[in-house]
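# Examination of the molecular architecture
Here are the chains, one letter per residue:
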Amino acid sequence: MPRLIQSDKGTETVLLAASHVTLRRANHLSLKFSEIYCFGKSTKNQRIEAWWNLLTEGQTQEWKVYFAELENEGLFVGSDLDKSCLQFIYMEIIRSHIHHFVEIHNNHSIRHQRKRDHYLPTGQPYMMYFYPETGKDYKEQVDQDVLTALEAEVAEYDLDQYLPSNTLRLYETLLYDGGYPKEFSYVDKRHKEAYIYLRERVWQFIQDGGEVELITTPSGAAEWIEAHQDNEIEQHRSHVNGDQQMELINSDNDSEEESLVVEQQIFQEDDAGADGLLLDL
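Residues numbered from 1 in each chain as written. Predicted model: local features only at pLDDT ≥ 70, side-chain atom pairs only at ≥ 80, totals over all residues. Heavy atoms only, no water.

## Observations concerning the nonpolar core
If you look at soluble globular proteins, the nonpolar side chains tend to sit buried side by side. Cut-off, in case you're wondering: As used here, the term nonpolar core means buried Ala, Val, Leu, Ile, Met, Phe, Trp, Tyr and Cys residues forming a set that is joined through side-chain atoms within 4.5 Å. Remark: exposure states derive from per-residue accessible area (1.4 Å probe, protein chains only) relative to the maximum for the residue type, with buried under 20%, exposed over 50%, and partly exposed in between. Strands are runs of DSSP state E lasting at least 2 residues, helices are runs of H or I lasting at least 4, and numbering of each runs from the N terminus. Residues are treated as being in contact if the distance between any of their heavy atoms lies within 4.5 Å.
Judged by nonpolar contacts, the single largest core of 31 residues is most densely connected at Ile89, Tyr90, Tyr171, Leu175, Tyr195 and Leu198. Within the residue set of this core, elements represented by two or more residues are α2 (46-72), α3 (80-106), α6 (165-177) and α7 (190-207). It is α3 that contributes the most residues to this core, 11 residues altogether. If we skip the residues at most four places from it in the chain, Tyr195 touches Leu70, Leu75, Phe76, Asp82, Cys85, Leu86, Ile89 and Tyr90. Counting 11 residues, the second largest nonpolar core, distinct from the first, contains Ala17, Val21, Leu31 and Tyr37.

Pasting the structure below:
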C-alpha cells in the first residue's frame, strides 16, 4: 500500500481516508494523520481532470450524444427499465472502448520537452511506473488481518456488477427469442434495434406479472460520515486550506517519527498535462 494518499475533500474520500488510516496505523500506531492522508483543494486535481477531458473527447462524448438522441426520440425516459436495458446492451461495449483508450495512453511515449526536462521524465507511463530506471519504492506491506476485516465490510458489493445474474439471464433469453445475440460490438448497428426490442419485451414481461431484479445501491456512507463529524478525519477535512502540502515519510527512517520530505509542487496552476499519469481500471 502507499504510505500517504492525497485527495480533494469529496464526501466519497472520507471512507478512503478512514480505510487508509486503519491500515497504516495497524503497522505504526503512533502515526499522525498528516503522515497518512492529506486533503487538498480540488484545483490540485488538474492532471486527472485533464485526462477526463481527453477521455470525453476521444471516447465518451459520442455516447453522450447517442444517448441524448435516444431520449429525444422518446426511447429513453430515465426509468429503471430503460437504464437496465441500456446497461445490458451497451455496458460491455463502452467498457471495452475505455479499456482500449487507457491501454493506448499507458503505452504512449512522453516526448522530451526542453523547458520541462528538469522534472518531466520521458518514456511510456507503463514502463516508467512498473520498471523505473531510478527512484525508490515507498510501498508498505499491508496487515492481512486488518485488510480482510475491511474487505468483509463490503463483501457483498461488486464494483464491476451492473445487473444481477438473474436479470442478465432473463435479458439474454428475451434477446435470443427475438433472434438477437447477447453481446454487440459498436460496428454492429443492430444494437439500437436490439435495445428497442429489449425495452419493449421487458415492459411486457413486467405487465404480465414478471419481476426484474436490479442492483441495490450501496447505502450507509452518509450516515457513517455524519456519525463521525467530530473525528480527526473530519477535523482535517474541514480545516484544510489550499496551501496545505503533502508530507512524505522518509523511507530511511523506520521509526517514522520526525523525518519528513515535503513533496515539491512541480506543476504550476496552468499546467494541466496528463502525460505522466498511469491509469488503472
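## A word on the side chain of Glu35
Our working rule: Residues adjacent in sequence count toward polar contacts only when both atoms are side-chain atoms; beyond that, a polar contact is any pair of N or O atoms within 3.5 Å, and within protein one must be able to donate a hydrogen and the other to accept it.
Examined against the element boundaries, Glu35 turns out to sit in the loop between α1 (13-27) and β2 (37-39). Engagement of the side chain of Glu35 in a polar contact is seen with the backbone nitrogen of Lys32, the distance being 2.9 Å.

## Some remarks on the packing of α2 against α3
Definition in use: As a rule, the C-alpha atoms of each element are fitted with a line to give its axis, helices using only the stretch in contact, and angles between N-to-C directions run from 0 to 180 degrees. Note on angle classes: values under 35 degrees are labelled roughly parallel, values over 145 roughly antiparallel, values of 65 to 115 roughly perpendicular, and the remainder oblique. Rotating anticlockwise by less than a right angle from the far helix to the near helix defines a left-handed crossing, while the corresponding clockwise rotation defines a right-handed one.
Between α2 and α3, the shortest axis-to-axis distance is 10 Å and the interhelical angle comes to 160°. Regarding the angle of α2 to α3, the classification is roughly antiparallel. Considering how the two elements wind past one another, α2 and α3 form a crossing that is right-handed. Every residue of α3 that contacts α2 at Trp51, Leu54, Leu55, Gly58, Gln59, Thr60, Trp63, Tyr66, Phe67 and Leu70 is listed here: Leu86, Tyr90, Ile93, Ile94, His97, Ile98, Phe101, Val102 and His105.

## Details of the pattern of salt bridges
So the rule is basically this: Think of a salt bridge as a Lys or Arg side-chain nitrogen and an Asp or Glu carboxyl oxygen that are within 4 Å of each other.
Considering all chains together, one arrives at six salt bridges under this definition. With a closest N to O distance of 2.6 Å, Asp82 and Arg199 form a salt bridge. Taken together, the positions of Asp82 in helix α3 and Arg199 in helix α7 put the pair 117 residues apart, joining distant regions of the chain. Relative accessible area serves as the criterion here: at 19%, Arg199 is assigned to the buried category. Residues Asp137 and Lys139 are paired through a salt bridge, measuring 2.4 Å at the closest nitrogen-oxygen approach. Relative accessible area serves as the criterion here: at 52%, Lys139 is assigned to the exposed category.

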